[in-house]
Amino acid sequence: METILTWAAPAATIIAALMTASNLGSRITGAGFIVFTIGSLAWLGLGMIGHDPALLWQNVVLTGLNLLGIWRWLGRQAKFEDGGQHAAEASEASRGENLFPVSLATSAAVIGRSGEEYGKCVDAMAGRSSGRIAYLVVAEGGVIGVGERLRRVDWSDASAAGESIELGIDRAEFDALDMLEKDKWPGR
């Protein structure tokens, strides 16, 4: 049993860390916390077998924190995402402008006129009083944030479409957009 735990504990911890650090949505993050729980239980078992109280108590606390993470991401956050999706779908059957969850502006694929993915939306800037989106910040290229380029896309050139944001501009127009500094975005 000790040999199994010796390999299961670090493997589960590494896999869980990858799942949560990747930020692929609430369900993947929540599943990462399930895997973290398996890892912390394995570490807890090793702490008991090896008579290591520090390892044991650390993982008692981590198991509790992992259960909180499961509730937060698979319970609470997943329900919020489901609620936003339901509202968007319901708005299509009612009169007036169709709705979309604004949280989409922090993770959606950004698709150009030709159907090509240009990057990922990482944020949106909106008016304080009106609530209207002024522009999107789109990240393209790079690996896990290193080497990525940020571009400002006017909301007038964009629209929400399902789980992506579609642009009414082609690749050349997108590439001609000004690049943003990571920490200094324009006020308008």
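Residues numbered from 1 in each chain as written. Predicted model: local features only at pLDDT ≥ 70, side-chain atom pairs only at ≥ 80, totals over all residues. Heavy atoms only, no water.

Caption draft 1: Structural detail: the pattern of salt bridges. Evaluation of the coordinates by the stated rule reveals 11 salt bridges. With a shortest N-O distance of 3.5 Å, E140 and R149 are connected by a salt bridge. For R149, a relative accessible area of 34% puts it in the partly exposed group. One salt bridge connects D154 with R152, and the closest N-O pair in it is separated by 2.3 Å. With a relative accessible area of 29%, D154 lands in the partly exposed category. (Salt bridge = Lys/Arg side-chain N within 4 Å of Asp/Glu carboxyl O. Buried < 20%, exposed > 50% of the residue type's maximum accessible area, 1.4 Å probe, protein only.)

Caption draft 2: Structural detail: helix 3 (residues 53-92). In this model, helix 3 (40 residues) spans 57 Å end to end at C-alpha, consistent with the 58 Å of a helix rising 1.5 Å per residue. A78 marks the point of greatest bend in helix 3, at about 30°. Here helix 3 has its buried residues at L56, N59, T63, N66, G69, Q77, A78, A88 and S91. Buried positions along helix 3 lie against helix 2 (26-49). (Helix = DSSP H or I, 4+ residues; strand = E, 2+ residues; numbered from the N terminus. Expected span 1.5 Å × (residues − 1). Bend = angle between axes of the 7 residues up to and from the residue. Contact = heavy atoms within 4.5 Å.)

Caption draft 3: Layout of the side chain of S164. For S164, the location among the structural elements is in strand 6 (residues 164-167). On the basis of relative accessibility, which here comes to 14%, the residue S164 falls in the buried class. Residue contacts for S164: discarding those within four places in its chain leaves L104, A108, A109, I111 and S159.

Caption draft 4: View of unusual backbone geometry. Even without glycine at this site, N23 takes up a positive phi of about 50°. By the secondary structure assignment, N23 is in the loop between helix 1 (2-21) and helix 2. When its relative accessible area of 61% is taken as the criterion, N23 is described as exposed. The phi angle at H51 is positive, at roughly 55°, despite the residue not being glycine. Looking at the secondary structure, you find H51 in the loop between helix 2 and helix 3.

Geometric descriptors of this kind do not, in isolation, establish any biological role.
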